[in-house]
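Structural overview for review
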Amino acid sequence: MAHELNARGLGHGDRLALYLPNRIEYIDLFLACTRLGVIVVPINVLYRDREMAHILGDATPKAVVVTDEAGWSRADQPAWGVDALAKGAAARPLTPVDAALDAATPAALVYTSGTTGPAKGAVITHGNLCANARMLVDTWRFTSNDRLLLALPLFHVHGLGNGIHCWLLSGCRTRLLERFEHGSAAATLLDFGPTVFFGVPTMYVRLLEVERSAARKIGGAFRLCVSGSAPLPAQVLEDFEALFGQRVLERYGMTETLMTLGNPYDGERRAGTVGLPFPGVSIRIVDEHGQVVRDDESGELHVQSPTICAGYWNRPDATAAAFDGGWFRTGDIAERAADGYITLRGRRSDVVISGGFNVYPREIEELLAEHPSVAEVAVAGVPDPVRGEVPVAFVVLRADAVATPDALISYCRDQLASFKVPRRVVFLERLPRTALGKVQKQLLKAEG
Ligand code: MLC
Ligand code: AMP
């Protein structure tokens, strides 16, 4: 595949976007790029045209790899069909292709909004991915005898950075699913018998539906189940343990930092906490003046680790703002107990995490504000038993407007990834505002 990409004109420092569901060629393409020093730009396969435009404009990839080349409608951006690439690769020589690389060479640009503003490409280096994989394989005791079931999307660091890299480094066996489907999850688990499972909390919630004897059987093969990307409710942890006989290990990470905290492999996995810093990671918790707080007091979590990205692509301003003298500001509010366990207490921004996917209210608000019937809009996350949170839109209509909630929802569905579409649209006479005019999202959440 590296020969094929090379023949198509890709070389060191070029970007290649992958707009693909999980499939084996995703891994081939990723590895071929890492050989060539080509920077991979994974794009969420659920994104629609509007959401992709910003990423393509910012990363300026030479091409986007897609499933259906004929269906690609962006004239300004070349697209390569994945089947044609695979066919081309099969005809190329098997001799190795190697570019000069070091730990600082960028391997991937993964887009995330960080704590504010439009999506920015976190520059994840070869060194970051190696450090993350080494740390997890050691800490989580991976061996070549493990069997990892991977149902996470490869366009995020959870699936790509943790899943694929733990597999590659440990030499274990992996089954890659196109996606997690709760209807067939039990049958797949029984059939493959994984020793290790990585998931987002929504997957663990869904697995609580598995019938008891099947759950016992599946649980009998488990050695380690890890949850991350969003908070795992304590009750889900307890219920999962009662059903499968396996206590989930909750860990914490970010696109920009990869994995930084986790409950211990041996020792107490404390419900509702994200555990302790991984080996090689330092943390501090600071107040709004940058002073380190005392134990049991909350503040912003800052981290230092070899897994932290090199900054944001083409955004020296945002990069400078994200770091404080070598510490990365996570934007997450955390508290440290006297024995070192960290509990997350919220986030500095109003990002909503739904099923492990991030939703930025601002993006939905901007789209709805463009609708002719909408005078004002605010979007907030409201609790959901399965997805953790779901976005709900609070709309003030224009005086003469006739739009219904369903019409606004289908307008969003046409232009946004499914997980960003407001679950409900609530019409209000006016938005609750503070004396300074700021929308009070806490009040909206209570109404949602
Ligand atoms: C979800 N959908 C998908 C999909 N995942 N469609 C295609 N491919 C996928 N991979 C769509 C469905 O079509 C549906 O759309 C909607 O999402 C919900 O699907 P569902 O079948 O009801 O799924 P559900 O049981 O709710 O589970 C959703 C989920 C998904 C858990 C499978 O949310 C998911 O894969 N989440 C993982 C996100 C992730 O990897 N985050 C890591 C970020 S990295 P519709 O139109 O019917 O609504 C990070 C750092 C860190 O945060 O610490 O890890
Ligand atoms: P992303 O920007 O998609 O990489 O998401 C990173 C964010 O996910 C973090 O800043 C946290 O807010 C959240 N997150 C990740 N893991 C956990 C966890 N175990 N518990 C709570 N929040 C988490």
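In case you missed it, the structure is sitting above this.
Presented here is a report on the structure given in the accompanying data block.

Parameters at a glance
Throughout this document, residue positions are counted from 1 along each chain, in the order its sequence is written. The order in which chains are written sets their letters, starting at A; the order in which ligands are written sets their numbers, starting at 1. Local features in this predicted model are restricted to residues whose pLDDT is 70 or higher, and side-chain atom pairs enter the listing and the counts only when it is 80 or higher, whereas totals over whole chains, interfaces and linings include all residues. Hydrogen atoms and water are omitted, and side-chain values are computed over all heavy atoms in the structure. In DSSP terms, a helix is any run of H or I states spanning at least four residues, a strand is any run of E spanning at least two, and both are numbered starting from the N terminus. Radius of gyration means the value over C-alpha atoms here, while the globule rule gives 2.2 Å times the residue count to the 0.38 power. Exposure categories follow from relative accessible area, calculated using a 1.4 Å probe and restricted to protein chains: below 20% of the type maximum is buried, above 50% is exposed, and the middle band is partly exposed. Contact criterion: two residues are considered in contact whenever any of their non-hydrogen atoms come within 4.5 Å of each other. Per-residue accessibility takes into account occlusion by the displayed protein chains alone, with areas from the Shrake-Rupley method and a 1.4 Å probe. Charge counting treats Lys and Arg as positive and Asp and Glu as negative, with His and both chain ends excluded. A single reference atom marks each charge: NZ on Lys, CZ on Arg, CG on Asp, CD on Glu. Any residue with at least one heavy atom within 4 Å of a molecule or strand is counted as near it. Polar contact is defined as a pair of N or O atoms within 3.5 Å, subject to the rule that within protein one atom must be able to donate a hydrogen and the other to accept it, and that residues adjacent in sequence are counted only when both atoms are side-chain atoms. As a working rule, the residues Ala, Val, Leu, Ile, Met, Phe, Trp, Tyr, Cys and Pro are called nonpolar, Asp, Glu, Lys and Arg charged, and the rest polar, with Gly in that last group. Here the rule is simple: two strands pair whenever DSSP picks up at least two bridges between them. Domains are outlined according to an automatic or database domain assignment. Within this scheme, the nonpolar core is defined by two criteria: the residues are buried Ala, Val, Leu, Ile, Met, Phe, Trp, Tyr or Cys, and they are joined through side-chain atoms within 4.5 Å. In this scheme Phe, Tyr and Trp rings, the latter by its six-membered ring, pair at centre separations within 6.5 Å, and the angle between planes marks the pair as stacked below 30 degrees, edge-to-face above 60, and tilted otherwise. By definition here, charges over rings are those cases where NZ of Lys or CZ of Arg is within 6 Å of the ring centre and within 35 degrees of the ring normal. Working definition: the arc comes from the directions between the helix axis and the C-beta atoms, pointing outward to the latter. Axis geometry follows a simple rule: fit a line to the C-alpha atoms, using only the stretch in contact for helices, then measure angles between N-to-C directions, giving values from 0 to 180 degrees. Roughly parallel here means an angle under 35 degrees, roughly antiparallel means over 145, roughly perpendicular means 65 to 115, and every remaining angle is called oblique. Orient the strands so they point away from the viewer; a crossover is then right-handed if the path from the first strand over the helix to the second runs clockwise.

Once that is clear, we can look at the overall build of the protein chain. Scanning the protein chain from terminus to terminus reveals 14 helices and 23 strands. In summary, the protein chain has a C-alpha radius of gyration of 22 Å against a globular reference of 22 Å for 448 residues, a match within 12%. Considered along the principal axes of its C-alpha atoms, the protein chain spans approximately 70 × 55 × 50 Å. Expressed as a percentage of the 448 residues in the protein chain, the buried residues total 55%. A separation of at least 24 residues holds for 66% of the contacts in the protein chain among residues at least 6 apart in sequence. Entry remark: accessible area of the protein chain is about 19300 Å², with carbon and sulfur atoms responsible for 51%. The distance from the centre of the 46 positive side-chain charges to the centre of the 51 negative ones in the protein chain is 2 Å.

By nearness alone, 16 residues border ligand 2, and Glu250, Arg251, Thr255, Asp332 and Asn358 come closest of all. At 3.3 Å, a side-chain N or O of threonine 112 approaches an oxygen atom of ligand 2. Between asparagine 358 and ligand 2, the recorded distance is 3.0 Å, taken from a side-chain N or O atom to an oxygen atom. Coverage of ligand 2 by the protein chains reaches 90% of its 500 Å² of free accessible surface. In terms of residues, the shell around ligand 2 owes the most to one element, strand β11 (residues 249-254), which gives 5 residues. Residue composition of the shell around ligand 2, by class: 7 nonpolar, 5 polar and 4 charged.

Right, let's talk about the sheet that holds strand β9 (residues 196-199) for a bit. Strand order in this open sheet of 7 strands is β8-β7-β9-β10-β11-β12-β13, and the pairing throughout is mixed. On the outer flanks of this sheet lie β8 (173-176) and β13 (276-277), each paired with one strand and no other. Looking at chain direction, β9 and strand β10 (residues 224-227) are connected through 4 bridges and run parallel. Each bridged residue has a counterpart across the sheet, and for phenylalanine 198 the counterpart in β10 is valine 226.

We now examine the site of ligand 1. The environment of ligand 1 is formed by 23 residues, the closest being Arg206, Ser229, Arg251, Gly355 and Arg387. Here an oxygen atom of ligand 1 and a side-chain polar atom of arginine 206 are 2.6 Å apart. Isolated, ligand 1 exposes 1000 Å² of accessible area, and the fraction of that covered by the protein chains is 80%. Within the residue set of the shell around ligand 1, elements represented by two or more residues are α6 (157-170), α8 (201-207) and β11. Looking at side-chain class alone, the shell around ligand 1 contains 9 nonpolar, 9 polar and 5 charged residues. Two domains each provide a minimum of three residues to the shell around ligand 1, namely domain 2 (127-285 + 328-347) and domain 3 (351-447).

Attention shifts here to the nonpolar core. Counting residues in hydrophobic clusters, the biggest one holds 120 residues, and the most contacted among them are Leu5, Leu16, Leu29, Trp140 and Phe197. With 7 residues, helix α2 (residues 24-36) is the single largest residue contributor to this core. Look past the residues within four positions of leucine 5 in its chain and what remains in contact with it is Leu10, Leu16, Leu29, Ala32, Cys33, Leu36, Trp80 and Leu85. Formed by 15 residues, the second largest nonpolar core is a distinct cluster that contains Tyr252, Val293, Ala318 and Phe328.

With that out of the way, let us pick up the packing of aromatic side chains. Per the counting criterion, the structure on display carries 11 aromatic pairs. Their ring planes at 75 degrees and their centres at 6.0 Å tell us that tryptophan 140 and phenylalanine 278 sit as a pair that is edge-to-face. Here the residue tryptophan 140 occupies a position in the loop between α5 (126-139) and β7 (147-150), and phenylalanine 278 occupies one in the loop between β13 and β14 (282-286), the gap between them amounting to 138 residues. Ring geometry for phenylalanine 142 versus phenylalanine 198: centroids 6.1 Å apart, planes at 75 degrees, classification edge-to-face. In this pair, phenylalanine 142 sits in the loop between α5 and β7 while phenylalanine 198 sits in strand β9, placing the two residues 56 residues apart along the sequence. Joined through ring pairs, the aromatic side chains of Phe197, Tyr204, Phe222, Phe240 and Phe244 make up one cluster. We note arginine 269 situated over the ring of tyrosine 265; from NZ or CZ to the ring centre the distance is 5.6 Å. Across from the ring centre of tyrosine 341, 3.8 Å away, lies the NZ or CZ of arginine 270, which sits over that ring.

Since the α-helix advances by 3.6 residues per turn, residues separated by three or four positions end up pointing in the same direction. Within the sequence span of helix α4 (residues 82-90), burial applies to Val82, Leu85, Gly88 and Ala89. Here the buried residues of α4 occupy an arc of 125 degrees about the axis, which is enough to place them on one side. Seen from the buried face of α4, the exposed residues on the opposite side, beyond 90 degrees, are Lys87 and Ala90. Against the buried residues of α4 lie α1 (2-7), α2, β3 (63-66) and β4 (79-81).

The subject of this paragraph is the side chain of glutamate 335. Of note, glutamate 335 is situated in strand β17 (residues 327-336). The exposure class of glutamate 335 is buried, given its relative accessible area of 17%. A polar contact is formed between the side chain of glutamate 335 and the side chain of arginine 345, at a distance of 3.0 Å.

Following both chains from N to C, one finds helix α9 (residues 212-221) and helix α10 (residues 234-244) inclined at 90 degrees, their axes separated by 7 Å at the closest point. When the interaxial angle is binned, α9 and α10 end up roughly perpendicular. Contact residues: α9 offers Arg212, Ala215, Arg216, Ile218 and Gly219, while α10 offers Ala242, Leu243 and Phe244. Of the residues in the contact of α9 with α10, the class split is 5 nonpolar, 1 polar and 2 charged.

On to the pairing of β8. Two faces make up the sheet, and in a regular strand the side chains alternate between them. Pairing geometry for β7 and β8, over 4 bridges, is parallel. Paired with leucine 149 across the bridge in β8 is arginine 175. Running through α6, the crossover from β7 to the neighbouring parallel element β8 is right-handed.

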